[in-house]
Amino acid sequence: MPSVNENFLKLEKNYLFINIAKKVNAFTSAHPEADVIRMGIGDVTLPIAKCVVYAMKKGADEMGVKETFKGYEDSGAGYDFLKEAVSGYYKSFGVDVPADDIRINDGAKSDCGNIVDIFGDDNVVLITDPAYPVYVDTNLMSGRKVIYCDSNEENGFAAMPDENVKCDLIYLCSPNNPTGSVYTKEQLKVWIEYAKKNNAIIIYDSAYEAFITDENVPRSIFAVEGAKECAIEMCSLSKTAGFTGMRCGYTVIPKELTVTASDGTEVSISQLWGRREGSKFNGVSYPVQCAAAAVFTPEGLKQTRENIEYYQNNARTIANTLDELGIKYTGGKNSPYIWLKCPNGMGSWEFFDLLLEKAGVVGTPGAGFGKNGEGWFRLTAFGDKDRTAEAMERLKKLLSE
Ligand code: MLT
């Protein structure tokens, strides 16, 4: 009889958003008349830009013609035309990332989860709390020791390293999911120095970089000196260009990044990751890569920017309402997430139930992201403009009762 990986038995029974979906489904079954506004899972709602759809259709047409048909892409790392486009995108905000340091993937979540394969199970992993559940779950699945660095009200939900704590891998996310907080260049410098002192590697999730508006908030960790010797960056087109249903993202592993193996040899992290991918991943479909490349054309950037601005307006609507109600929050600016303190000292799930049952609005309980999330709550700005405004009216009414 096979044994199972018993580390899985230590996880929460369901992934956070599955639990929420179950609760919402139970509520809508019991109240079929309820008009529920969903601001829980961070999923986009606007259609993909026209020029991107056109590029995908063109790619699909090419697959139906003998002369332009494509089977496997040789390297599995993505077509050069897309890696060049991503490299050019980095250049547009002043960051030098060569195309051959980039691998195309099916979204940041997969790589954030799969990267653990190339690191030893004896690594100590430092994760800011609260955090995107994938970082914690995937390390627990491999039986690794996970330690936490507190993001809380005192530090504006932007945890900084403790010099006395030792670790090997560090997960950072800026703009942060779930708290919407961001790291400035100075703060990232501190993390990089800390990583170097510990010989640690930073796994940096920049999936929400397109929402950054502040000048002193880097769009990439590679905007900060020294990052190439200690960081991996993962980004995605899910939130930048509405690709949650298309699946495409990219991971940057600089060639400068190496670790010393137990026999003293210098191992390239990029080479190791390529080796992992060679055995376990056959790349992203050609039409989707064509669509992704179109995102980075001038027209694609213009059209996707309009969608981002739409969501940024929603974020402002939410933030203005919370200001009016005197509720504390982080995010909303530089981020599509608004992280608010549950009113009247309520717990996260208590507020979730109240908001769903009395106002028909779905959010995400902060406690689902870690212990420091208890008493906090996440709303997303990815919804419809009028529905977002309606949800805020309902919140005001609920809290005035
Ligand atoms: C979230 O709501 O946190 C999102 O689902 C993150 C993701 O894209 O996986």
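Residues numbered from 1 in each chain as written. Predicted model: local features only at pLDDT ≥ 70, side-chain atom pairs only at ≥ 80, totals over all residues. Heavy atoms only, no water.

1. Quick look at the nonpolar core
Reasoning step 1: If you look at the biggest cluster of nonpolar residues, it comprises 63 residues, and the most contacted ones within it are Ile170, Ile202, Phe243 and Tyr250.
Reasoning step 2: Sorting elements by how many residues they give to this core places helix α9 (residues 286-295) first, with six residues.
Reasoning step 3: Each of domain 1 (6-47 + 300-400) and domain 2 (65-297) gives at least three residues to this core.
Reasoning step 4: Non-local contacts of Ile170, meaning those with residues more than four positions away in its chain, are made with Leu126, Trp191, Tyr194, Ala195, Ala200, Ile201, Ile202 and Ile203.
Reasoning step 5: With 34 residues, the next largest nonpolar core counts Ile20, Ile327, Leu340 and Met392 among its residues. (Core = buried A, V, L, I, M, F, W, Y, C linked by side-chain atoms within 4.5 Å. Buried < 20%, exposed > 50% of the residue type's maximum accessible area, 1.4 Å probe, protein only. Helix = DSSP H or I, 4+ residues; strand = E, 2+ residues; numbered from the N terminus. Domains from an automatic or database assignment. Contact = heavy atoms within 4.5 Å.)

2. What to know about the packing of aromatic side chains
Reasoning step 1: Per the counting criterion, the structure on display carries 25 aromatic pairs.
Reasoning step 2: Taking 6.2 Å as the distance between ring centres and 70° as the angle between the ring planes, the aromatic pair formed by Trp339 and Phe369 counts as edge-to-face. With Trp339 in strand β12 (residues 337-341) and Phe369 in the loop between β14 (364-365) and β15 (376-380), the pair connects residues that are 30 residues apart, well separated along the chain.
Reasoning step 3: Residue classification places Phe369 among the buried residues on the basis of a relative accessible area of 5%.
Reasoning step 4: Ring geometry for Trp349 against Phe352: centres 5.3 Å apart, planes inclined by 65°, an arrangement best described as edge-to-face. Here Trp349 pairs with Phe352, and both are found in helix α11 (residues 348-359), just three residues apart, close to one helical turn.
Reasoning step 5: Assessed through its relative accessible area of 0%, Phe352 is described here as buried. (Phe/Tyr/Trp six-rings, centres within 6.5 Å; stacked < 30°, edge-to-face > 60°.)

3. Describing the domain arrangement of the protein
Reasoning step 1: Assigned domains within the protein: domain 1 (6-47 + 300-400) and domain 2 (65-297).
Reasoning step 2: A C-alpha centroid distance of 26 Å is found between domain 1 and domain 2.
Reasoning step 3: Together, the buried faces of domain 1 and domain 2 total about 3200 Å²; carbon and sulfur atoms form 57% of this surface.
Reasoning step 4: Counting every contact that joins domain 1 to domain 2 gives four salt bridges. (Buried area = accessible area lost by both parts, 1.4 Å probe. Salt bridge = Lys/Arg side-chain N within 4 Å of Asp/Glu carboxyl O.)

4. Some thoughts on the packing of helix α10 (residues 298-325) against helix α12 (residues 385-400)
Reasoning step 1: Taken N-terminus to C-terminus, the directions of α10 and α12 make an angle of 10°; their axes are 10 Å apart at the nearest point. In terms of their interaxial angle, α10 and α12 are classed as roughly parallel. Residues Tyr310, Asn314, Thr317, Ile318, Thr321, Leu322, Glu324 and Leu325 of α10 form the contact with α12, whose participating residues are Lys385, Thr388, Ala389, Met392, Leu395, Lys396 and Leu399.
Reasoning step 2: Taken together, the residues that form the contact of α10 with α12 break down as eight nonpolar, four polar and three charged. (Axes fitted to C-alpha atoms, helices over the stretch in contact; angles between N-to-C directions. Parallel < 35°, antiparallel > 145°, perpendicular 65-115°, else oblique. Nonpolar A, V, L, I, M, F, W, Y, C, P; charged D, E, K, R; others polar.)

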